[in-house]
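# Breakdown of the fold
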Amino acid sequence: MDPEVLERFRIGDEAAVKAVYDRYGGPVFALSMSILGDHGLAADATQQTFIKAWRAASTYDPERSFAPWVYAIARRTAIDIYRKHSRSVSSDDVDIAVFPPGLETAWEVFEVRSAVDRLPDQERQVVKLSHFDGLTHVEIAAQLDIPVGTVKSRSHRAHQRLSEFLRHVEEA
Amino acid sequence: MTPDETRARYLETGSGDLAHESERLDLIREVLSTGATWTEPPPQIVDGVLAAVGTGSAKSEQPSPAARSRWPMVTAVVGSAVAVVALIVSTVSVLEDDPADTVLAMTGTELEDEASGTAAVRPTGSGWWIRLDLTGLSPAPEGTYYEGWVWSDDGEGVSIGTFHLRGGEGPVILWSGVEMEDYPSIWVTLEDEDGAAEASDQVVMTGRMPDDEAA
């Protein structure tokens, strides 16, 4: 993110908070969904994450990457909500130290969502139809009413970008 | 084909000669295929965030970021004769909900992070009717009480009433004699029964009028 935006975020500037949300709202929500598996709880976790981040902004070190900082807040928030919710729906009195099932891949979900959010809309659409909906290039072309060659070129460019954006994840 | 092109090809197709990296790339492909990755957050989330943050807009004028965790020097005109504040604390609504009410999100601060709720506000002939529907806010301990405030972007606060919730979580009705357009933020503070007219630094909940409703 623009260092100037992060600096303004640090002092609580509302427009900067909005800019940070626009950049990281999707990844935080995806992370929350992967851990909590519930749209409403994930929405709560996302909102709490950004409010906590804003309150803690003065502790953010601008010399370090912002993404891991906000990721850590989001992960902790989602785990807290998961545990509270697990206790509230538990049928016995045993307070189990529960860990959400999606925790192991939380960082990857956060990073992948960050990467796809950086794609141009047309490329993002092709990637979603291919990976999430499981469509072939021919099926995507039919659905979008565009030539197959266009789908192939968009898919090729999109995966090149994703490979670049996610290189650090690939090499982790 | 360069290593980058090979990786991109593997991400796209799931095949290629990438033995030492294929596990990580397979994981990324798996994440790309899950619904969580693609689900869009509800648009009202950002409104809730900005409502909470917006109440601190005056704080952004503080000289130091560290000062944000402290209550700004209170310039509140509490109990001002200018502000005709009628206080009604009740668990009984004196007015029924109206679809035309403006409803804003109330969010607990780190002092009451389980607290959440809404504030419905409505102009009347004698001021602004404000109804708080809150959950998760602890009853005020003996010797203390909660106080509602409307707050201007210039850092001026006006008390709108007090309550304690020791009888339960029923709705709280408050009144403001000043215009919400001029005082768009609502804060709740925890106060000691020490007779002080100024707001304490213990802010437990915040909310803010939507921008299109505020001046």
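Since we're looking at a predicted model, the values are computed, not measured. (Residues numbered from 1 in each chain as written. Chains lettered and ligands numbered in written order. Predicted model: local features only at pLDDT ≥ 70, side-chain atom pairs only at ≥ 80, totals over all residues.)

### Notes on the overall build of chain B
Our working definition: Starting at the N terminus, helices and strands are each numbered in turn, a helix being any DSSP run of H or I of at least four residues and a strand any DSSP run of E of at least two. C-beta atoms are placed from the backbone for every residue, and two residues are taken to be in contact when these atoms lie within 7 Å.
Summing up its helical and strand segments, chain B has four helices and eight strands in all. Starting at the N terminus, the α and β elements of chain B follow one another as α-α-α-α-β-β-β-β-β-β-β-β. Expressed as a percentage of contacts within chain B between residues at least 6 apart in sequence, the contacts between residues at least 24 apart total 63%.

### Some points on the overall build of chain A
This is how it is decided: Field definition: a residue is buried when 20 or more other C-beta atoms are found within 10 Å of its C-beta, exposed when 12 or fewer are, and partly exposed for counts in between, with C-beta atoms placed from the backbone.
Summing up its helical and strand segments, chain A has nine helices and zero strands in all. Taken from the N to the C terminus, the helices and strands of chain A come in the order α-α-α-α-α-α-α-α-α. In chain A, buried positions account for 40% of the 172 residues. Considering only intrachain contacts with a sequence separation of at least 6, the fraction spanning at least 24 residues in chain A is 64%.

### Focus: the interface of chain A and chain B
Often the size quoted for an interface is simply the accessible area lost on bringing the parts together. What counts here: Here the nonpolar group is Ala, Val, Leu, Ile, Met, Phe, Trp, Tyr, Cys and Pro; Asp, Glu, Lys and Arg are the charged ones; every other residue, Gly included, is treated as polar.
Listed per partner, the contact involves 41 residues of chain A and 37 residues of chain B. The set of elements that each furnish at least two residues to the side of chain A that touches chain B consists of α2 (14-36), α3 (39-55), α5 (106-117), α6 (121-132), α8 (148-165) and α9 (167-170) of chain A. Its residues assigned to classes, the side of chain A that touches chain B comprises 18 nonpolar, 13 polar and ten charged.

### Comments concerning unusual backbone geometry
Residues and elements named next belong to chain A. One non-glycine residue, Asp145, adopts positive backbone phi at about 60 degrees. With respect to the helices and strands, the residue Asp145 is situated in the loop between α7 (137-144) and α8. Exposure remark for Asp145: the 6 C-beta atoms within 10 Å place this residue in the exposed category.

### Observations concerning the pairing of strand β3 (residues 127-135) of chain B
All names here are of chain B. Basically, it comes down to this: DSSP calls a pair of strands paired once it identifies at least 2 bridges connecting them.
Bridging between strand β2 (residues 116-124) and β3 involves nine bridges; their strand directions are antiparallel. By the bridge assignment, Val121 is partnered in β3 with Ile130. Two strands pair when backbone bridges link them, and β3 and strand β6 (residues 172-176) are joined in this way by five bridges, in the antiparallel orientation. Its bridge partner being in β6, Arg131 is matched across the sheet by Ile173.

### Here we look at the environment of Leu50(B)
All names here are of chain B. Within the secondary structure layout, Leu50 lies in helix α4 (residues 44-54). A count of 23 C-beta atoms within 10 Å places Leu50 in the buried class. In this structure, the C-alpha to C-alpha distance between Leu50 and Asp211, residues 161 residues apart in sequence, is 9.9 Å.

### A closer look at the sheet that holds β6(B)
Residue and element names in this part refer to chain B. Going by this rule: Here an angle of 0 to 180 degrees is reported between the N-to-C directions of two axes, which are lines fitted to C-alpha atoms, with helices fitted over the stretch in contact.
Reading across the sheet, the eight strands line up as β5-β4-β7-β8-β1-β2-β3-β6 and stay open at both edges, with antiparallel pairing between neighbours. Edge strands, defined here as strands with exactly one partner in the open sheet, are β5 (157-163) and β6. If you compare each strand with its neighbour and ignore which way they point, the axes differ by 25 degrees on average. With six bridges connecting them, strand β1 (residues 102-108) and β2 associate as antiparallel partners. Its bridge partner being in β2, Thr102 is matched across the sheet by Val121.

### Observations concerning the packing of helix α1 (residues 3-10) of chain A against α2(A)
All names here are of chain A. For clarity, the cut-off: What sets the label is the angle itself: under 35 degrees gives roughly parallel, over 145 gives roughly antiparallel, 65 to 115 gives roughly perpendicular, and the rest give oblique. The hand of a helix crossing depends on one turn: near helix anticlockwise from the far one by less than a right angle means left-handed, and clockwise means right-handed.
Between α1 and α2, the shortest axis-to-axis distance is 8 Å and the interhelical angle comes to 120 degrees. Viewed along their axes, α1 and α2 adopt a mutual orientation that is oblique. In this structure, the crossing between α1 and α2 has a hand that is left-handed. Contact residues: Val5, Arg8 and Phe9 in α1; Ala16, Val17, Ala19 and Val20 in α2. Broken down by class, the residue content of the contact of α1 with α2 amounts to six nonpolar, no polar and one charged.

### As for the nonpolar core
The nonpolar side chains of a soluble globular protein tend to be buried, and buried together. Here is the rule: Note on definitions: a nonpolar core is a set of buried residues drawn from Ala, Val, Leu, Ile, Met, Phe, Trp, Tyr and Cys, linked by C-beta atoms within 7 Å.
One finds Leu31(A), Ile130(B) and Val150(B) to be the most contacted residues of the largest nonpolar core, which totals 91 residues. Considering every element that reaches this core, the biggest residue donor is α2(A), with twelve residues.

### Section: the environment of Ala141(A)
All names here are of chain A. With respect to the secondary-structure elements, Ala141 resides in helix α7. In the structure, Ala141 is positioned eleven residues away from Lys152 in sequence and 9.1 Å away in space, judged by C-alpha atoms. Setting aside anything within four residues of it in sequence, one finds Ala141 in contact with Ile146, Pro147, Val148 and Val151.

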